[in-house]
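# Notes for the structure review
Here are the chains, one letter per residue:
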Amino acid sequence: MKTDIKSLTLAELEDLAKELGLQKFRAKQIYEWLHRQCAKSFDEMTNLSKEQRAKLDELCEIKNCSIEKKLVSKLDGTKKYLFRLNDGEFIESVLMKYKYGYTVCVSSQVGCNMKCSFCASTIDGCVRNLAPSEILSQVYAITRDNRKEDRDFRVSHIVLMGMGEPLDNYENVLRFLELITNGDGLNIGARNISISTCGIVPKIYDLIEKHPQYTLSVSLHAPNDEIRDRIMPVNRKWNTEELLEACRVYTKQTSRRISFEYAMMKDINDTDECARELAKRLKGMLCHVNLIPANEVRENDYQRSNNERIKEFSKILEAGGITTTIRRSLGGDIDASCGQLRRQSKGGES
Ligand code: SAH
């Protein structure tokens, strides 16, 4: 099997260069081609000789994302990409423009095993984990695509909120983080990177201990076990008390605020009583709640709460001392919620 060269750290690339009989400085050149110039092939590496490029090509693979489909919002310029991987699998990523810069939302797996009942990504389970290089490639392909229009285009923030559960592909995600924050690559600040999880508690503790600089986001979606057990099977393994305790530890150890995602689903988790219970359980925690109007997915029957309900819910949380925002829905006109483009491309339900 060929070496997945884009998943290697600079130190590992130096070892590889040595094995191939290349001088040490070549490793840095290759690293910069891959991670700064976002090169898709060895042919682009023009400061290497033809022979050197051929040798690399023979032994190594550059895992890429090619654009299968791209939807651009006319409202706010949000771009949604459907990418094809080298083995023909599809994944999705989104580019969003905020005042502070460009954010890319990346996928961490092809599909997902977490089985949240409202989510389209998990319907056929997890096909496979993404390699570190494949998570990077989403950012690099988007960078290349946008540099065509703006030579200085630069991604400043990353959110691991696309398809998949990042903490269920933990080692590869950690390596992705190491590579994307590296000064010889895109050099994105760790604090500008958010990892979102449905609540894999032991991994949250590991992150707190080893990588406290990343921002943590937790998909909570319910104020208690009764509701959460029903919509998020992961809750049967680590319940809300265990999850919230891990979140408290995160905020204490890191002094950083935690974000809770809460998708508002009509008559499921959106009552006044739910809001009061949520406020009570989060009281005193350094946190923030993001209310998201649920995306209606063809494959299930959930309906989004109406705007009045969301506002009312938000008011109760605020009155209970919990900072709350109603997420501005970017790209409303290309609204294909996560996992849906991929399903369409596979000839999934229409
Ligand atoms: N597995 C991780 C990363 C996925 S992030 C996690 O669960 O956090 C994608 C976010 O979108 C999660 O908060 C997820 O719960 C949410 N989501 C999934 N389906 C949705 C839907 N139909 N409407 C609104 N949010 C949804």
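Predicted model only: the values in this text are computed from it and were never measured.

The next point concerns the site of the ligand. Around the ligand sit 18 residues, and of these Glu165, Ser196, Ser219, His221 and Asn295 come closest. Here an oxygen atom of the ligand and a side-chain polar atom of Ser219 are 2.6 Å apart. His221 is positioned with one of its side-chain polar atoms (N or O) 2.6 Å from an oxygen atom of the ligand. Notes on the ligand: free accessible area 540 Å², of which the protein chains cover 89%. Mapped by element, the contributors of at least two residues to the shell around the ligand are β10 (193-197) and β12 (258-264). When its residues are assigned to classes, the shell around the ligand shows nine nonpolar, seven polar and two charged.

Turning our attention to the domain arrangement of the chain. With domains assigned, the chain is organised as domain 1 (3-61) and domain 2 (65-334). Taken residue by residue, the interface counts 19 residues in domain 1 and 20 residues in domain 2. Summing the contributions of domain 1 and of domain 2, the shared interface buries around 1500 Å²; its carbon and sulfur component is 44%. The residue Arg144 makes a salt bridge to Glu44 at a minimum N-O spacing of 3.2 Å. The interface formed by domain 1 and domain 2 holds 11 residue pairs in polar contact (both at pLDDT 80 or more) in total.

Looking now at the packing of helix α1 (residues 10-19) against helix α2 (residues 24-35). α2 packs onto α1 with a crossing angle of 130° between their chain directions and a minimal axis gap of 8 Å. Taken together, α1 and α2 sit at an angle that is classed as oblique. Pair α1 / α2 crosses with right-handed handedness. Along its contact with α1, which presents Leu10, Leu13, Glu14 and Ala17, the element α2 presents Lys24, Ala27, Lys28, Ile30 and Tyr31. Each residue belonging to the contact of α1 with α2 can be placed in one class, and the counts come to six nonpolar, no polar and three charged.

Bringing the pairing of strand β9 (residues 155-160) into the picture now. When you tally the buried positions in β9, you get six out of six residues, the bulk of the element. Taken together, the four bridges between strand β6 (residues 101-105) and β9 define a ladder with parallel strand orientation. What sits directly across from Tyr102, in β9, is Val155. Two elements, β9 and β10, share three bridges in a ladder whose sense is parallel. Bridged to Ile158 within β10 is Ile193. Running through helix α5 (residues 170-180), the crossover from β9 to the neighbouring parallel element β10 is right-handed.

Here Arg53 shows up in helix α3 (residues 50-59). One buried charge, Arg53, has no salt-bridge partner; the nearest side chain with opposite charge is Asp43, at 4.3 Å. Leaving out residues up to four positions away in the same chain, Arg53 has contacts with Phe42, Asp43, Met45, Thr46 and Leu48.

The next thing to look at is the sheet that holds strand β11 (residues 215-219). Taking strand neighbours across the sheet as the criterion, the 10 strands line up as β3-β4-β5-β6-β9-β10-β11-β12-β13-β14 in an open arrangement whose pairing is mixed. The strands lining the two open edges of the sheet, one partner per strand, are β3 (65-72) and β14 (323-326). Between one strand axis and the next, the sheet turns by 25° as a mean value, whatever way the strands run.

Turning our eyes to something else, we now look at the nonpolar core. Of all hydrophobic cores here, the largest spans 102 residues; its most connected members are Ile5, Ile158, Phe260 and Leu282. Counting the residues that make up this core, at least three belong to each of domain 1 (3-61) and domain 2 (65-334). Contact partners of Phe260, with chain neighbours within four places excluded, come to Val218, Leu220, Leu244, Cys247, Leu282, Met285, Cys287, His288, Val289 and Asn290.

Moving on, we get to the packing of aromatic side chains. A complete count under the given rule lists four aromatic pairs for this structure. Relative to Tyr100, the ring of Tyr98 lies with its centre 5.3 Å away and its plane at 15°, an arrangement referred to as stacked. Seen in terms of ring centroids, Tyr102 and Phe153 are 4.7 Å apart; in terms of plane orientation they differ by 50°. Their pairing is tilted. Residue Tyr102 is located in strand β6, and its partner Phe153 is located in the loop between α4 (132-147) and β9; the two are separated by 51 residues in the primary sequence. Judged by relative accessible area, which is 22%, Tyr102 ranks as partly exposed.

How each quantity is defined
In this convention, every chain numbers its residues from 1, walking through the sequence in written order. Confidence filtering applies because this is a predicted model: local features only for residues at pLDDT of at least 70, side-chain atom pairs given and counted only at 80 or more, and all residues used for totals across whole chains, interfaces and linings. The basis for every side-chain value is the complete set of heavy atoms in the structure, and neither hydrogens nor water enter the calculation. Being near a molecule or strand, for a residue, means having at least one of its heavy atoms within 4 Å of it. Under this definition, polar contacts are N or O atom pairs within 3.5 Å; protein pairs additionally need one hydrogen-donor-capable and one acceptor-capable atom, and for neighbouring residues in sequence, both atoms have to be side-chain atoms. The Shrake-Rupley method, run with a 1.4 Å probe, gives the accessible areas here. Residue values count only the displayed protein chains as cover. Numbering of helices and strands runs from the N terminus, with a helix taken as a DSSP run of H or I at least four residues long and a strand as a DSSP run of E at least two residues long. Under the convention adopted here, Pro, Cys and the residues Ala, Val, Leu, Ile, Met, Phe, Trp and Tyr are nonpolar, Asp, Glu, Lys and Arg are charged, and Gly plus all remaining residues are polar. Where each domain starts and ends comes from a domain assignment, either automatic or drawn from a database. Residues count as neighbours in contact if any of their non-hydrogen atoms are within 4.5 Å of one another. Buried surface area refers to the total accessible area, computed with a probe of radius 1.4 Å, that the two partners give up upon joining, counted for both partners together. The salt bridge definition used is simple: a Lys or Arg side-chain nitrogen within 4 Å of an Asp or Glu carboxyl oxygen. For helices, the axis comes from a line fit to the C-alpha atoms of the stretch in contact; other axes are also lines fit to C-alpha atoms, and the angle between any two N-to-C directions lies between 0 and 180 degrees. The scheme is simple: roughly parallel for angles under 35 degrees, roughly antiparallel for over 145, roughly perpendicular for 65 to 115, oblique for anything else. Here a crossing is taken to be left-handed if its near helix is turned anticlockwise relative to the far helix by less than a right angle, and right-handed if that turn runs clockwise. The buried label applies to any residue whose accessible area, calculated with a 1.4 Å probe on protein chains only, is under 20% of its type's maximum; exposed applies above 50%, and partly exposed to all values in between. When DSSP finds two or more bridges between a pair of strands, those strands are recorded as paired. Consider the strands pointing away from the viewer: the crossover is right-handed when the path from the first strand over the helix to the second runs clockwise. In this tally, Lys and Arg are treated as positive and Asp and Glu as negative; His is ignored, and so are the chain termini. By nonpolar core we mean a set of buried residues, namely Ala, Val, Leu, Ile, Met, Phe, Trp, Tyr and Cys, connected to one another through side-chain atoms within 4.5 Å. In this analysis, rings of Phe, Tyr and Trp, with Trp reduced to its six-membered ring, are considered paired at centre separations within 6.5 Å, and the interplanar angle assigns stacked below 30 degrees, edge-to-face beyond 60, and tilted for intermediate values.

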